[in-house]
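# Per-entry structural report
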Amino acid sequence: MGLKIWFNTGLVDEADAKISVFDHGLLYGDGVFEGIRVYSGRVFELDAHIKRLYESALAIRLSMPMTKEELVGAIETTVKANGIVDGYIRLVVTRGVGCLGLNPFTCKPSALFIIASSIQLYPEELYEKGMRVISATTVRNHPLAIPPQVKSLNYLNNILAKIEALDSSVPEAIMYNHEGYVAEATGDNIFIVRNGVVCSPPVEAGSLEGITRDVVMRLARREGLEVVEKNLTRYDLYVCDEFFLTGTAAEVIGVVEIDGRTIGDGKPGPITRRLREKFFAYAHGKGQ
Ligand code: PMP
């Protein structure tokens, strides 16, 4: 039996959740989405995800087909219908069906679907041992071309960098912006630790304002750690003591090598491990 998918106005069987070939989400990557976790039966940071989704839609002039309250109801209904206790939700809003031309205002109405399922982005072993990454040559989208805060359906920039990583037999690539500063990984935010200080590039450097990033920054401060948002260079990544990535799907994962240079002692560092533990305690409702 397949999944129950929320499709515009209600639940349908997976086999019946079909998008038109004239949907501009498919034709042009015109739309927005969210990836959301469910931990211990609770939708994680739901308010933050709803806020980001509606702001992304506003920024690209996409009219949302339902109110925030209705959307929260639809998410909860979909999670329940699929019996998800620990899992992953993909919520997509496309511009909808229109004519063969860019004009988004020919598309009516926007299409919305919600998949509640599971995800394992990386094997468990990678979380223990830490991952290797490379610096991508593909430059992150200019923030004046596509605002990095918009979580749009157009991921080609990130996919080109991901291909570079896979061609180098590593799972992730670090993307730099047009000025050469660190932006983000292809689907995750970046943190380093240097002399006990936790640093992450600012959103203006070209990264999504990650919800996992926000949670980790809050937890780090609560741990008494100094957290700063500042521009980082490739050099900063090469000489840091610890390096980790955050994202809804990836959660918190240590990086132990970049461009052939070992980070620290080649294992996920102590602050990375502590923040990963705190993250799961918080996510599962312990240590609030
Ligand atoms: N950057 C990009 C490009 C992403 O796609 C994501 C989400 N996978 C993130 C960062 C992390 O954001 P969040 O913690 O909200 O999932």
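Residues numbered from 1 in each chain as written. Predicted model: local features only at pLDDT ≥ 70, side-chain atom pairs only at ≥ 80, totals over all residues. Heavy atoms only, no water.

## Comments concerning the overall build of the protein chain
Scanning the protein chain from N- to C-terminus turns up 8 helices and 15 strands. The C-alpha radius of gyration of the protein chain comes to 19 Å, within 12% of the 19 Å expected for a compact globule of 288 residues. With the principal axes as the frame, the protein chain shows a C-alpha extent of 55 × 40 × 30 Å. Evaluated residue by residue, the protein chain yields a buried proportion of 51% over its 288 residues. Long-range contacts, defined as pairs at least 24 residues apart, comprise 71% of the intrachain contacts of the protein chain with a sequence gap of at least 6. Only carbon and sulfur atoms are counted for the fraction: they give 54% of the accessible area of the protein chain, which is about 13,600 Å². Separation between the mean location of the 31 positive side-chain charges and that of the 36 negative ones in the protein chain comes to 1 Å. (Helix = DSSP H or I, 4+ residues; strand = E, 2+ residues; numbered from the N terminus. Rg over C-alpha atoms; globule rule 2.2 N^0.38 Å. Buried < 20%, exposed > 50% of the residue type's maximum accessible area, 1.4 Å probe, protein only. Contact = heavy atoms within 4.5 Å. Areas by Shrake-Rupley, 256 points an atom, 1.4 Å probe, with all protein chains shown as cover. Lys, Arg positive; Asp, Glu negative; His and termini not counted. Charge placed at Lys NZ, Arg CZ, Asp CG, Glu CD.)

## Section: the pattern of salt bridges
Taken as a whole and judged by the stated rule, the model has 12 salt bridges. Among the ionic pairs, Glu223 bridges to Arg274, the shortest N-O distance being 2.9 Å. You can see Glu223 sitting in the loop between helix 6 (211–222) and strand 12 (227–229) and its partner Arg274 sitting in helix 8 (residues 270–283), a full 51 residues away along the chain. The exposure class assigned to Glu223 is partly exposed, which follows from its relative accessible area of 27%. Taking relative accessible area as the criterion, Arg274 reaches 33% and is therefore assigned partly exposed. (Salt bridge = Lys/Arg side-chain N within 4 Å of Asp/Glu carboxyl O.)

## Overview of the site of the ligand
What surrounds the ligand is a group of 16 residues, the closest being Tyr155, Glu184, Ile211, Thr212 and Thr248. Here an oxygen atom of the ligand sits 3.3 Å away from a polar atom, N or O, in the side chain of Lys151. The side chain of Thr212 places a nitrogen or oxygen atom 2.5 Å from an oxygen atom of the ligand. In the complex, the protein chains occlude 92% of the 390 Å² of accessible area that the ligand would expose alone. Elements represented by at least two residues in the shell around the ligand include exactly helix 6 and strand 13 (242–247). Tallied by class, the residues present in the shell around the ligand amount to 3 nonpolar, 9 polar and 4 charged. (Near = heavy atom within 4 Å. Polar contact = N/O pair within 3.5 Å; in protein donor to acceptor, adjacent residues only side chain to side chain. Nonpolar A, V, L, I, M, F, W, Y, C, P; charged D, E, K, R; others polar.)

## Observations concerning the sheet that holds strand 2 (residues 10–13)
Strands sit in the order 2-1-6-5-3-4 across an open sheet of 6 strands; the sheet is antiparallel. Looking at the sheet topology across the chains shown, the edges are occupied by strand 2 and strand 4 (42–43). Taken together, the 4 bridges between strand 1 (residues 4–7) and strand 2 define a ladder with antiparallel strand orientation. Bridge pairing in strand 2 links Lys4 to Asp13. (Pairing = 2+ DSSP bridges.)

## Notes on helix 6
Each α-helix turn comprises 3.6 residues. Residues three or four places apart therefore point the same way. Here helix 6 spans 17 Å end to end across 12 residues, near enough to the 16 Å set by a 1.5 Å rise per residue. All of the buried residues in helix 6 are Ile211, Thr212, Arg213, Val215, Val216, Met217, Leu219 and Ala220. Just beyond helix 6, the residue with positive phi is Gly224, at close to 85°. (Expected span 1.5 Å × (residues − 1).)

## What to know about the packing of aromatic side chains
On inspection of all chains with the given rule, the structure shows 9 aromatic pairs. Ring centres 5.6 Å apart and planes at 85° place the aromatic pair Phe44 and Phe279 in the edge-to-face group. Pair noted here: Phe44 is in the loop between strand 4 and helix 2 (46–59) and Phe279 is in helix 8, with a separation of 235 residues, a long-range link. Across the pair, Phe279 and Phe44 agree in class, each one buried. (Phe/Tyr/Trp six-rings, centres within 6.5 Å; stacked < 30°, edge-to-face > 60°.)

## Points about the pairing of strand 1
The antiparallel hairpin formed by strand 1 and strand 2 contains 2 residues in its connecting segment, where Asn8 sits at a positive phi of about 65°. Sheet topology places strand 1 next to strand 6 (residues 111–117); 2 bridges connect them, and they run antiparallel. Paired with Trp6 across the two strands is Ile114, which belongs to strand 6.

## Observations concerning the environment of Asn195
With respect to the helices and strands, Asn195 occurs in the loop between strand 10 (189–194) and strand 11 (197–200). In sequence terms Asn195 and Val150 are 45 residues apart; their C-alpha atoms lie 33 Å from each other.

## Let's talk about the domain arrangement of the protein chain
The domains assigned to the protein chain are domain 1 (4–117) and domain 2 (124–283). Averaged C-alpha coordinates put domain 1 and domain 2 at centres separated by 26 Å. For the pair domain 1 and domain 2, the two sides together bury roughly 1,700 Å², of which 62% comes from carbon and sulfur. For domain 1, the biggest contributors to the area lost against domain 2 are Phe33, Tyr39 and Arg52; these three give 34% of the whole. As a salt-bridge pair, Arg37 and Glu251 come within 3.7 Å of each other at their nearest N and O atoms. Summed over the shared surface of domain 1 and domain 2, the number is 11 residue pairs in polar contact (both at pLDDT 80 or more). Those elements that place two or more of their residues in the side of domain 1 that touches domain 2 are helix 1 (24–28), strand 3 (31–39), helix 2 and strand 5 (87–94). With 8 residues, strand 3 is the single largest residue contributor to the side of domain 1 that touches domain 2. Class assignment of the residues belonging to the side of domain 1 that touches domain 2 gives a composition of 12 nonpolar, 7 polar and 6 charged. (Domains from an automatic or database assignment. Buried area = accessible area lost by both parts, 1.4 Å probe.)

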